Amino acid sequence: MNNLRMPHLRFEPSDELAALCKAGGDPLRLNVLRALANDSFGVLELAQIFAIGQSGISHHLKVLAQARLVATRREGNAIFYRRALPQADSFGGRLHAALLEEADQLQLPEDCLARIAAVHAQRAAASRDFFARMADTFQAQQDLIAGLPQYRESVLALLDALSFPAQATAIEVGPGDGGFLPELARRFSRVTALDNSPAMLELARGRCAREGLDNVELLLADALAEPQPAADCVVLNLVLHHLAAPADALKHLAGLVKAGGSLLITELCSHDQSWARTACGDLWLGFEQDDLARWADAAGLASGESLYIGLRNGFQIQVRHFAKPDHPTSTGKE
Ligand SMILES: C[S@@+](CC[C@H](N)C(=O)[O-])C[C@H]1O[C@@H](n2cnc3c(N)ncnc32)[C@H](O)[C@@H]1O
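Residues numbered from 1 in each chain as written. Predicted model: local features only at pLDDT ≥ 70, side-chain atom pairs only at ≥ 80, totals over all residues.

- By the naming in an unreviewed UniProt entry, the protein is Transcriptional regulator, ArsR family, taken from Pseudomonas kuykendallii.

1. Describing the overall build of the protein
Moving on, step 1. When you go through the protein residue by residue, the secondary structure sums to 13 helices and 10 strands.
Moving on, step 2. In terms of overall dimensions, the protein has C-alpha extents of about 95 × 45 × 40 Å along its principal axes.
Moving on, step 3. Looking at the protein as a whole, 36% of its 334 residues are labelled buried.
Moving on, step 4. Put simply, of all contacts in the protein between residues at least 6 apart along the chain, 68% involve residues at least 24 apart. (Helix = DSSP H or I, 4+ residues; strand = E, 2+ residues; numbered from the N terminus. Buried ≥ 20, exposed ≤ 12 C-beta atoms within 10 Å, placed from the backbone. Contact = placed C-beta atoms within 7 Å.)

2. Quick notes on the environment of Arg133
Moving on, step 1. Within the secondary structure, Arg133 is located in helix H6 (residues 110-134).
Moving on, step 2. C-alpha of Arg133 to C-alpha of Ala199: the two residues are 66 residues apart in sequence and 8.5 Å apart in space.

3. Some thoughts on the sheet that holds strand S2 (residues 70-75)
Moving on, step 1. Spatially, 3 strands are ordered S1-S3-S2 in an open sheet, and the strand pairing comes out antiparallel. Edge strands, defined here as strands with exactly one partner in the open sheet, are strand S1 (41-42) and S2.
Moving on, step 2. In the sheet, S2 pairs with strand S3 (residues 78-83) via 6 bridges, with the strands oriented antiparallel. Residue pairing in the sheet places Arg73 in a bridge with Phe80 of S3. (Pairing = 2+ DSSP bridges.)

4. Structural notes on the packing of helix H2 (residues 27-35) against helix H4 (residues 54-66)
Moving on, step 1. Packing of H2 against H4 leaves a shortest axis separation of 10 Å and a crossing angle of 75°. Of the possible angle classes, the one that applies to H2 and H4 is roughly perpendicular. Taking contact as the criterion, the partners of Leu28, Arg29 and Val32 in H2 are, on H4, His60, Val63 and Leu64.
Moving on, step 2. Per-class residue counts for the contact of H2 with H4 are 4 nonpolar, 1 polar and 1 charged. (Axes fitted to C-alpha atoms, helices over the stretch in contact; angles between N-to-C directions. Parallel < 35°, antiparallel > 145°, perpendicular 65-115°, else oblique. Nonpolar A, V, L, I, M, F, W, Y, C, P; charged D, E, K, R; others polar.)

5. Looking at the confidence of the model for the protein
Moving on, step 1. Looking at the protein, pLDDT values average 89 and 94% of them are 70 or higher.
Moving on, step 2. In this model, residues 330-334 is a region of pLDDT below 50 whose contacts with residues beyond four sequence positions or in other chains number 11 contacts. (pLDDT = per-residue confidence, 0-100.)

6. Remarks on the site of the ligand
Moving on, step 1. Neighbouring the ligand are 22 residues; Gly174, Gly176, Ser197, Met200 and Asn237 lie closest to it.
Moving on, step 2. Sorting the residues of the shell around the ligand by element identifies H6 and strand S5 (190-195) as the ones contributing at least two each.
Moving on, step 3. Across the shell around the ligand, the residue classes tally to 11 nonpolar, 9 polar and 2 charged. (Near = placed C-beta within 6 Å.)

7. Some thoughts on the domain arrangement of the protein
Moving on, step 1. Each domain of the protein was delimited in the assignment, giving domain 1 (12-108) and domain 2 (133-323).
Moving on, step 2. Using only C-alpha atoms to locate each centre, domain 1 and domain 2 end up separated by 32 Å.
Moving on, step 3. Listed per partner, the contact involves 5 residues of domain 1 and 8 residues of domain 2.
Moving on, step 4. Per-class residue counts for the side of domain 1 that touches domain 2 are no nonpolar, 2 polar and 3 charged. (Domains from an automatic or database assignment.)

Set out below in structure tokens:
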């Protein structure tokens with residue numbers, strides 16, 4: 001009797017596969033995965049996008065989370081859902097990757113796309129309102145997290161290492177009070193500064209006048225909405241976390257970079273200081289380094305050098321260079 005062995009049944013891996021199949025076995029959940037391809041949304045936003053109640057969408061998100069197809073991240077008081085990345089070398093990883101690949105072929109219904117656009121518009125309006133209200137106290141608000149003096153030298157180190165020719169042009173998106181414009185004006189033949197906040201643009205205009213920057217053009221424009229002539233270098237300092245759909249924004253911004261040119265992004269690394277949403281109008285609590293690289297790759301840009309700056313207040317800043325190939329084969333992969 002003692003020699004009789006019970007068959008060794010391992011349930012856990014099959015449970016995991018079953019959870020994956022169950023999660024993928026529902027059209028709404030597949031569409032949620034599709035919607036999360038390049039974005040993250042809160043529960044209420046997803047309820048709005050898919051026009052179902054909060055408890056209904058919460059149930060579907062729970063099933064997706066149990067299958068490890070989505071991951072959560074706290075942004076202020078809200079929980080945001082994003083896709084979890086497949087782990088190719090772990091059990092179920094290939095099925096996970098294949099499921100996402102197939103889901104990406106889905107075309108979201110027109111009404112869902114319209115409601116996604118509405119969610120993005122709500123986020124963008126919140127950001128614009130903040131800068132309209134806070135222009136007077138801009139510097140103080142900005143210094144709560146990171147002021148230009150803390151990252152200026154790192155951005156300049158990356159910029160100067162790229163050795164742009166004298167006739168090269170630059171665009172700065174979201175110059176704020178224009179603190180970085182003198183540095184760009186010294187290094188480029190022409191600089192275009194795009195800001196969608198009239199109050200912030202006035203601050204930048206004052207700085208350009210005081211410093212006699214006659215090669216800087218200031219434009220009141222939403223950098224993501226209005227077409228602009230491309231430049232050799234596009235710079236964003238602490239702007240991306242104010243944009244409604246950062247992955248889509250990167251695609252659009254890549255279009256502002258000439259072939260062979262560069263996109264320089266200074267951003268906060270992912271953090272959990274949710275007070276930054278109310279105090280500084282941040283829509284996103286920084287970004288994972290990998291997310292920026294993935295979004296840039298999808299926009300047809302190649303990751304270059306990066307610098308990381310730890311600040312005494314606990315925030316960390318990433319300064320990233322993304323290069324646009326000389327002869328792009330496509331304007332971005334989906
Ligand atoms: C936090 S401030 C950063 C200012 C400056 N770059 C700095 O580092 O101090 C963000 C700026 O981006 C601008 N902004 C936000 N969304 C924008 C958009 N879609 N198009 C153009 N400017 C935008 C805001 O008006 C604001 O001036």
